[in-house]
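# Breakdown of the fold
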Amino acid sequence: MSELVDPWWRRAEQRVTGRFTVAARPPWLQLAKAGSAAILSWFVCLMIFPGTLPMFGAIAALIVVQESVDQSLTKGIERVVGVLFGVSVALGAGALFGTSSWLFIAAIVVAMGVGWLLRMSATSTNQIAITAMLMIALGGSELGYGVERLVETLIGAAIGVAVNAAIAAPVRTGITRQEITSLTVHAAAALERLADALDEPRDEPWLEDMLDSARELHEERAKVHASLRRARESLRLNPRGRRHMRQLLEDDALFQRVQPIVTQVIGMSRALYDLYDPELVEDPSVIGMRQEIHRAAHDLRLLVVREDSAEAAPEPPALTAPYTIQRPPPRHWVLIGSLMEDLRRVRGRITGELE
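The rules behind each value
Residues numbered from 1 in each chain as written. Predicted model: local features only at pLDDT ≥ 70, side-chain atom pairs only at ≥ 80, totals over all residues. Heavy atoms only, no water. Helix = DSSP H or I, 4+ residues; strand = E, 2+ residues; numbered from the N terminus. Buried < 20%, exposed > 50% of the residue type's maximum accessible area, 1.4 Å probe, protein only. Contact = heavy atoms within 4.5 Å. Core = buried A, V, L, I, M, F, W, Y, C linked by side-chain atoms within 4.5 Å. pLDDT = per-residue confidence, 0-100. Salt bridge = Lys/Arg side-chain N within 4 Å of Asp/Glu carboxyl O. Patch = residues over 30% accessible without salt bridge, like charges linked within 9 Å, V, L, I, M, F, W, Y side chains within 5 Å. Areas by Shrake-Rupley, 256 points an atom, 1.4 Å probe, with all protein chains shown as cover. Lys, Arg positive; Asp, Glu negative; His and termini not counted. Charge placed at Lys NZ, Arg CZ, Asp CG, Glu CD. UniProt positions renumbered as here; feature names shortened; annotations may be inferred. Axes fitted to C-alpha atoms, helices over the stretch in contact; angles between N-to-C directions. Parallel < 35°, antiparallel > 145°, perpendicular 65-115°, else oblique. Left-handed = near helix turned anticlockwise from the far one by under 90°. Phe/Tyr/Trp six-rings, centres within 6.5 Å; stacked < 30°, edge-to-face > 60°. Lys NZ or Arg CZ within 6 Å of the ring centre and 35° of its normal. Expected span 1.5 Å × (residues − 1).

- As annotated in an unreviewed UniProt entry, the protein is Integral membrane bound transporter domain-containing protein from Leucobacter komagatae.

## Remarks on the overall build of the protein
- A tally of regular secondary structure across the protein gives 12 helices and 0 strands.
- From first element to last, N terminus to C terminus, the protein shows the α and β order α-α-α-α-α-α-α-α-α-α-α-α.
- When each of the 355 residues of the protein is scored for burial, the buried share is 41%.
- Partitioning the intrachain contacts of the protein with sequence separation of at least 6 by distance along the chain shows that 78% fall at a separation of at least 24.

## Thoughts on the nonpolar core
- In this structure, L191, L217, L272, M289 and I293 are the most contacted members of the largest nonpolar core, which totals 45 residues.
- Sorting the residues of this core by element identifies α8 (173-197), α9 (204-235), α10 (241-275), α11 (284-302) and α12 (333-351) as the ones contributing at least two each.
- With 11 residues, the top contributor of residues to this core is α10.
- Within the second largest apolar cluster, 16 residues are counted, among which are F56, A107, A111 and V114.

## As for the environment of I261
- Mapped onto the secondary structure, I261 falls in helix α10.
- Given a relative accessible area of 0%, I261 falls into the buried group.
- Sequence separation between I261 and L343 is 82 residues, and the spatial gap between their C-alpha atoms is 9.2 Å.
- In this view, I261 contacts L300, V346, R349 and I350; residues no more than four positions away in its chain are not counted.

## So, the confidence of the model for the protein
- Counting all residues, the mean pLDDT for the protein is 83, and 84% of those residues have values of 70 or more.
- Note that residues 1-5 has pLDDT below 50 and, in this model, 1 contact with residues that lie over four places away or in other chains.

## Digging into the pattern of salt bridges
- Evaluation of the coordinates by the stated rule reveals 15 salt bridges.
- Linking D70 and R236 is a salt bridge whose minimum nitrogen-to-oxygen distance equals 3.2 Å. In this pair, D70 is assigned in helix α4 (residues 69-97) and R236 in the loop between α9 and α10, connecting sequence segments 166 residues apart.
- Salt-bridge contacts for E192 lead to R301; the nearest nitrogen and oxygen are separated by 3.4 Å.

## A few points about unusual backbone geometry
- One non-glycine residue, R119, lies in the positive phi region at around 55 degrees.
- Since its relative accessible area comes to 79%, R119 is described here as exposed.
- If you check the backbone angles, L237 has positive phi at about 65 degrees while not being a glycine.
- Here L237 is to be found in the loop between α9 and α10.

## Section: a negative patch on the surface
- Residues D203, E204, E208, D212, E216 and E219 make up a contiguous surface patch of negative charge.
- Mapped onto the elements of the fold, E204 is located in helix α9.
- The exposure class assigned to E204 is partly exposed, which follows from its relative accessible area of 42%.

## Section: the UniProt feature "transmembrane region" (unreviewed entry) in the protein
- The UniProt record annotates "transmembrane region" (unreviewed entry) at residues 39-65, 77-96, 102-121, 128-147 and 153-171.
- Between the C-alpha atoms that bound residues 39-65 there is a distance of 13 Å. The span itself is 74% helix and 0% strand.
- Taken end to end, residues 102-121 has its terminal C-alpha atoms 26 Å apart, with 75% of it in helix and 0% in strand.

## Some remarks on the packing of α4 against helix α5 (residues 103-117)
- Contact geometry for α4 and α5: axes closest at 9 Å, N-to-C directions at 135 degrees. Classed by the angle they form, the pair α4 and α5 counts as oblique. When the axes of α4 and α5 are compared, the crossing they make is right-handed. For the pair α4 and α5, contact is made by F85, V89, A93, G94 and F97 and by L103, A106, A107, V110, A111 and V114, respectively.

## A few points about the packing of helix α3 (residues 55-64) against α4
- Between α3 and α4, whose axes approach to 8 Å, the crossing angle comes to 150 degrees. The way α3 lies across α4 gives a crossing that is right-handed. In this structure, α3 uses F56, I59, A60, I63 and V64 to contact α4, whose residues at the interface are S72, K75, G76, R79 and V83.

## Quick notes on a nonpolar patch on the surface
- Where nonpolar side chains cluster on the molecular surface, the patch consists of L96, F97, W102, I105 and V109 and spans about 540 Å² of accessible area.
- Those elements that place two or more of their residues in the nonpolar patch are α4 and α5.
- Along the chain, W102 turns up in the loop between α4 and α5.

## Focus: the packing of aromatic side chains
- Tallying each qualifying case throughout the model produces 0 aromatic pairs.
- Just above the ring of Y145 sits the side chain of R149; from NZ or CZ to the centre is 4.5 Å.
- Against the face of W206 rests R193, its NZ or CZ located 4.7 Å from the ring centre.

## Brief notes about α12
- Here α12 contains 19 residues, and its C-alpha end-to-end distance of 26 Å stays within 8% of the 27 Å for a straight helix at 1.5 Å per residue.
- Among the residues of α12, L335, I336, L339, M340, D342, L343, V346, R347, G348 and I350 are the ones counted as buried.
- Among the structural elements, α8, α10 and α11 are those in contact with the buried residues of α12.
- Backbone geometry just after α12 places G352 at a positive phi near 90 degrees.

Printed below as a string of structure tokens:
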């Protein structure tokens, strides 16, 4: 009989490989741009410094091509500063300790100390140490050799930034829009599950599944937050940024409406799970509330619906006037009152009354 769960060794393998793999492959165009920038940097540096191996320029170009132009510029500055201090450490260590066999150890210690004193990031500190070791390994103990390597790095970083900006500069607004749409649709589905819970008696496993589905919205909302931040970064210093800024502003405004709804949906699911009673579905006041929850889910989906044709008639919203309960039932008034207040806030966010 097949196992219901993965064996321990497969779960361990997934945890290990998950540390250096990503869910989606990077765009092939980014890889092509990084390779092209490195090759271009190699030949440009060879023209300026013939007879050398321009590894510093090629490495800088590879590192600098990032998923946004803004990140490329940041990485370029970080690389240049790291090489500058790394060359200085190598020259200083060579002048103090000569060509001793433990010169590499001294260079590493000094490089880490410089990075710590200047409060540099771990990546920048490591670049100082790596640059110092490369300088010593390649036999560069003269000032002129170090200056050439610094110029190489500047050339590689500049080419990397230029290639990333000039050739289809990365834009993440499309991905962000898809993620916001997915979050909105999933929040509407969670509202539907709430209404289904009030439609007929539900058992404990069903309610747990409802609550777990609602809680997943929290993680999805956090991912959208991060995606919006990356989208803003992708438009910063981007030649195509102005063209996509309007869409990003619209998506951000939509997210500001949706994320409070997510909070209310999670709270409603938790309250219903904690205070659920099978007899709740027989309460007359719940029938109207169930219908309003269905309408709220319907109108929430309308926030992200885009008609394929301009001639198509837009679907009308389903929300009516706010639903009221004249006399709350004594047994379930806490739960019903809580759900009603959250539903009022959801309705206000959908209609824009609580903007």
